[in-house]
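If you want the building blocks of each chain, they are given just below.
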Amino acid sequence: TKFGEYGGQYVPEVLMPAIEELQSAYERYVLENEDGFMDEFRRHLRDFGGRPTPLQRADALSERYDREVYLKREDLLHGGAHKLNNALGQVLLAKYMGKERIVAETGAGQHGTATAMAASYLDIDCEVFMGRTDINRQRPNVFRMRTHDAEVNPVDVGSGTLKEAINETMRDWATNVEDTHYVIGSVVGPHPFPKMVRDFQSVISEEAREQIRKKAGRLPDSVVACAGGGSNTMGAFHNFVDDAEPRSANRSSGHGPRDDESVSLFAVEAGGSGLTIDEDEGVAPHSASLSSGQDGVLHGARTKLLQSGDGQILESHSVSAGLDYSGVGPELAHLVETGRVTPVNVGDDAALEAFHRLSKLEGIIPALESSHAVAYLERAAQRAADGSSGHDQRDEADELGDLVIVNVSGRGDKDLDTVIEESAKR
Ligand SMILES: CC/C=C(/N=C/c1c(COP(=O)(O)O)cnc(C)c1O)C(=O)O
């Protein structure tokens, strides 16, 4: 149940029967494909979800950064984000378990929408818990959830964002475990949730690995994905994690093509409006749990999280609701601890600039969450460009390499109001 020192099942006794029931269902249906569960899951991903999603060469970004940039288009999945991969898997599992009701939390509203869509498609009742703050900044998704006949339950405690929504959903689940399954929205929570959500999302890197080999003839030098709870991140990374040759070990001098087996993985967190934490306020101006969090327990798992010196969990901040979370998945925390994943972060301003840049250069309006991954290219490649004399000997600081995959986790329709407001402010 652990990823190194992270993970586990830090839940109240009352939840253990539900956790054990879920663990057994996960092992039978997901790991052993009992009753053809995974075959049915893949069929729904294809016929209802529209998989596989394209791995598209970004010509303008490749030109701008003087390297091959490919975009994994999870924004083209039905519903507009990677969230459907996990929601379909968990709602189908709830059906196989004989549950009659689904509850889910949501921040950006993408997970809530994906769960509502899957619940309508698979004919099961659905109730979504959403913080009041997030309801106000992701209204199009609130309408979509209700249109799919889901009940949207506003959560008014605390900052009214993801953390409180998860708390309320867990509380409901603990009360109604008999007939209710909790479709958790990211690779967080007690075991088996982090592993199960990663397994449902790993279709992203399963496809990308095959697609990049076909299109570019080799594995990528790097994969870049934003990280809120870490589910699109783990989905985009999972099938590359074992390609773990440490980059420095095999780098020839200069920047020639490297051998096939070294894929660097960059998790891009929300740098918000700055990284200095004001403990007395109990708030952090960012959501960079991987790079500036401490070890602690949140939502049933030991992981990295933003907390004050006396262990109070700090409110996080990000212009993007989906990254606005004080914790992060335990597996991602472990991969950062072991050095396999490099945690980086970009602030609100850089993310907003990337939102506009991708829209203008590639004709894709990315979710504000995904904009953080796109923004990282600008920073990393820019530094290389600044540092180098000619484009063919970019300096060592250029960690991205010649062939980069960026995970576009979702589309930005939901964010247009926010971006118009923010642009007016700046
Ligand atoms: C489960 C809470 C997170 C939500 N969304 C997170 C999100 C994220 C961040 O979540 P992870 O992939 O789990 O790190 C990235 N991209 C898009 C388009 C997102 O909507 C949501 O409620 O929709």
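Definitions and cut-offs
- Residues numbered from 1 in each chain as written.
- Predicted model: local features only at pLDDT ≥ 70, side-chain atom pairs only at ≥ 80, totals over all residues.
- Heavy atoms only, no water.
- Helix = DSSP H or I, 4+ residues; strand = E, 2+ residues; numbered from the N terminus.
- Near = heavy atom within 4 Å.
- Polar contact = N/O pair within 3.5 Å; in protein donor to acceptor, adjacent residues only side chain to side chain.
- Nonpolar A, V, L, I, M, F, W, Y, C, P; charged D, E, K, R; others polar.
- Core = buried A, V, L, I, M, F, W, Y, C linked by side-chain atoms within 4.5 Å.
- Buried < 20%, exposed > 50% of the residue type's maximum accessible area, 1.4 Å probe, protein only.
- Contact = heavy atoms within 4.5 Å.

*Asks:* What should I look at first to understand unusual backbone geometry in this one?
*Replies:* Backbone geometry follows two general trends: most residues other than glycine have a negative phi, and most peptide bonds adopt the trans configuration. Between Arg 51 and Pro 52 the backbone carries a cis peptide bond, its omega angle lying at 5°. Tracing the chain through its elements places Pro 52 in the loop between α2 (37–49) and β3 (55–57). Here the bond from His 191 into Pro 192 is cis, since omega is 10°, no more than 30 degrees from zero. Relative to the helices and strands, Pro 192 resides in the loop between β8 (180–182) and α9 (193–201). A positive phi angle is found at Asp 35, which is not glycine, with a value near 55°. With respect to the element layout, Asp 35 can be found in the loop between α1 (16–31) and α2.

*Asks:* How should the site of the ligand be read in this particular structure?
*Replies:* In the vicinity of the ligand, 27 residues are found, and the nearest of them are Thr 106, Gly 107, Ser 186, Gly 230 and Ser 231. One of the backbone N or O atoms of Gly 109 is found 3.4 Å from an oxygen atom in the ligand. Between the ligand and Ser 409 there is a distance of 2.8 Å, counted from a nitrogen atom to a side-chain nitrogen or oxygen. Of the residues assigned to the shell around the ligand, the class counts are seven nonpolar, 17 polar and three charged.

*Asks:* Can you walk me through the nonpolar core in this structure?
*Replies:* It is characteristic of soluble globular proteins that their nonpolar side chains tend to be buried jointly. The biggest cluster of nonpolar side chains holds 89 residues, and the ones touching the most others in it are Phe 37 and Phe 237. Considering every element that reaches this core, the biggest residue donor is α1, with eight residues. In contact with Phe 237, not counting residues within four places along its chain, are Ser 205, Val 223, Ala 225, Leu 265, Phe 266, Ala 267, Leu 332 and Val 341. Counting 27 residues, the second-largest nonpolar core is a separate cluster that includes Val 224, Ala 354, Leu 377 and Val 404.

*Asks:* Please explain the environment of Asn 153 as it appears in this structure.
*Replies:* Tracing the chain through its elements places Asn 153 in strand β7 (residues 151–155). Its relative accessible area of 23% is what places Asn 153 among the partly exposed residues. When the C-alpha positions of Asn 153 and Leu 71 are compared, they lie 35 Å apart, and in sequence the two are 82 residues distant. In contact with Asn 153, not counting residues within four places along its chain, are Glu 127, Val 128, Phe 129 and Met 130.

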